[in-house]
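Chain by chain, the residues:
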Amino acid sequence: MPTALHESLLYLFRNRPALAPELLQEALGLVLPEHTDVRIESADFSNLQAAEYHADLVVLLSHGKPVHGIVVEVQRQPSPDKQFSWPLYVAGMRTRFRCPVMLFVVTADETVARWAARPIDLGGGNLFVPMVLGPAAVPEITDRQRAAAEPELAVLSAMAHGRDNDVEKVTAIATNAMMASLALDDERATLYFDFIRASLSQAAKEALQAMDPSKYEYQSEFARRYFAEGIAEGEARGEARGEARGEAKGRLTMVLRQLTVRFGALPPRAEERVRAASIEELDAIAERVLSAASLDEAIG
């Protein structure tokens, strides 16, 4: 079942469709055709089989007409079933848009990246080879101007490198990502802050807390409240205690914010339903929130 990390990564790619082709070109050295438009398409391939098949995200590059498709899959752990469904996703999109299509697997684990990169034998000497992005291949965004121009990439960089041993570098990447997030609306900035904080090592969190807030110009009340008053306080508490209650509270906060960003202010009854949910139920809501057509459908 998708977790908060799975949904966090998808949220970045959904908010910035160009992130997928940008990473394929910069991080993996792929040459893509010239295009003027990048958009999200339906990830439902159920029309091809009796059972339902849904990719995580489908991105289409166009130049007057479709020129290239990218099926984005966020993978947390090895799954033998994917060796059968992944080729179907690519074939389905290729059939729909009549253009070349590739599979782009994104993972936060290098072991999973090595597994996902293995060619899939389709039979008859035909091999299906996914393009895979592990955390080591994600660009390290240490330049503040670039982070401001590409906030989703900056956040992804902080998530990928947040536990590296070089605390000074991690702090710079995380700070740039947080500052870039401040230029966004408060709801999205809050989510991005949560994504970053959950990915940082304890040493990086402590380094961020020790920074001099007078060095930064805050553009909003949100920035002064959330950044200057202790950007790592909540996650540091939860990790220090290592309690299931802290994990549940963090998951609840994430799901409530995701629902609010997607559907607006929650009615009291809906919020009450979410607050009463178990961790397993919260995971299920997080799985549905990006694709659900209504708040009721997301909450289930």
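One can find the structure itself at the top, above this paragraph.
As the structure is a prediction and not an experimental result, all values here were calculated from the model. (Residues numbered from 1 in each chain as written. Predicted model: local features only at pLDDT ≥ 70, side-chain atom pairs only at ≥ 80, totals over all residues. Heavy atoms only, no water.)

**Student:** I'm lost on unusual backbone geometry in this one. Help?
**Tutor:** Among all residues save glycine, negative phi is the norm, and among peptide bonds the norm is trans. Of note, the phi angle at Arg-98 is positive, near 55 degrees, even though the residue is not glycine. Of note, Arg-98 is situated in the loop between helix 3 (82–97) and strand 4 (101–106). (Helix = DSSP H or I, 4+ residues; strand = E, 2+ residues; numbered from the N terminus.)

**Student:** Would you mind going over the packing of aromatic side chains with me for this structure?
**Tutor:** Each pair of aromatic rings is reported with the distance of its centres and the angle of its planes. All chains considered together, the criterion is met by five aromatic pairs. Arranged with centres 6.1 Å apart and planes meeting at 85 degrees, the rings of Tyr-11 and Tyr-192 form a pair that is edge-to-face. Residue Tyr-11 is found in helix 1 (residues 4–15), and its partner Tyr-192 is found in helix 8 (residues 186–199); the two are separated by 181 residues along the sequence. According to the relative accessible area criterion, Tyr-11 is buried, its value standing at 6%. Where Phe-13 meets Phe-104, the ring centres are 6.3 Å apart and the plane angle is 80 degrees; that geometry is what we call edge-to-face. Of this pair, Phe-13 sits in helix 1 while Phe-104 sits in strand 4, and the two are 91 residues apart along the sequence. Phe-104 gets classed as buried once you look at its relative accessible area, which sits at 0%. Aromatic rings pair up to connect Tyr-11, Tyr-192 and Phe-195 into one cluster. (Phe/Tyr/Trp six-rings, centres within 6.5 Å; stacked < 30°, edge-to-face > 60°. Buried < 20%, exposed > 50% of the residue type's maximum accessible area, 1.4 Å probe, protein only.)

**Student:** What exactly am I supposed to notice about the sheet that holds strand 4 here?
**Tutor:** Sheet strands line up and pair through hydrogen bonds in the backbone, either parallel or antiparallel. If you trace the five strands from one edge of the open sheet to the other, you get 1-2-3-4-7, paired in mixed fashion. Each of the sheet's edge strands pairs with one partner strand only, and the pair in question is strand 1 (37–41) and strand 7 (131–133). Looking at each pair of strands side by side, their axes are set apart by 25 degrees on average, direction ignored. Sitting on the sheet, helix 3 is in contact with strand 1, strand 2 (57–62), strand 3 (66–74) and strand 4, with an inclination near 155 degrees to strand 3. (Pairing = 2+ DSSP bridges. Axes fitted to C-alpha atoms, helices over the stretch in contact; angles between N-to-C directions. Contact = heavy atoms within 4.5 Å.)

**Student:** What is the right way to look at the environment of Glu-187 in this model?
**Tutor:** Secondary-structure assignment places Glu-187 in helix 8. When near neighbours in sequence (up to four residues on either side) are disregarded, Glu-187 contacts Thr-260 and Val-261.

**Student:** Got a minute to help me understand the packing of helix 7 (residues 167–181) against helix 8 in this structure?
**Tutor:** Direction vectors running N to C along helix 7 and helix 8 enclose 170 degrees, while the axes themselves pass 9 Å from each other. The orientation of helix 7 relative to helix 8 falls into the category roughly antiparallel. In this structure, helix 7 crosses over helix 8, and the sense of that crossing is right-handed. Contact with helix 7, carried on its side by Ala-174, Ala-177, Met-178 and Ser-181, involves Ala-189, Tyr-192, Phe-193, Ile-196 and Arg-197 of helix 8 and no other residues of that element. (Parallel < 35°, antiparallel > 145°, perpendicular 65-115°, else oblique. Left-handed = near helix turned anticlockwise from the far one by under 90°.)

**Student:** Where do I start with the pattern of salt bridges in this structure?
**Tutor:** Where side chains of opposite charge bring their charged atoms close, a pairing between them can arise. Summed over the entire model, instances satisfying the criterion amount to twelve salt bridges. Notably, a salt bridge pairs Lys-169 with Glu-140, separated by 2.9 Å at the nearest N-O pair. Highlighted residues: Lys-169 in helix 7 and Glu-140 in the loop between strand 7 and helix 5 (144–149), separated in sequence by 29 residues. Take Glu-140: its relative accessible area is 40%, and that puts it in the partly exposed class. (Salt bridge = Lys/Arg side-chain N within 4 Å of Asp/Glu carboxyl O.)

**Student:** Sorry if this is basic, but what is going on with the nonpolar core here?
**Tutor:** Across soluble globular proteins, you tend to see nonpolar side chains buried next to one another. Counting 48 residues, the largest nonpolar core has Phe-13, Val-72, Phe-104 and Phe-195 as the members making the most contacts within it. Among the elements that make up this core, the one with the highest residue count is helix 7 (seven residues). Counting residues in hydrophobic clusters, the runner-up holds 21 residues, among them Trp-86, Met-93, Val-101 and Ile-120. (Core = buried A, V, L, I, M, F, W, Y, C linked by side-chain atoms within 4.5 Å.)

**Student:** Looking at this structure, how should I read helix 3?
**Tutor:** Along an α-helix, residues three or four positions apart point the same way, because every turn accommodates 3.6 residues. Across its 16 residues, helix 3 extends 22 Å between first and last C-alpha, which sits within 8% of the 22 Å expected from 1.5 Å per residue. Along helix 3, the residues classified as buried are Lys-82, Ser-85, Trp-86, Pro-87, Leu-88, Tyr-89, Val-90, Gly-92, Met-93 and Phe-97. Directly beyond the C-terminal end of helix 3, a positive phi value near 55 degrees is found at Arg-98. (Expected span 1.5 Å × (residues − 1).)

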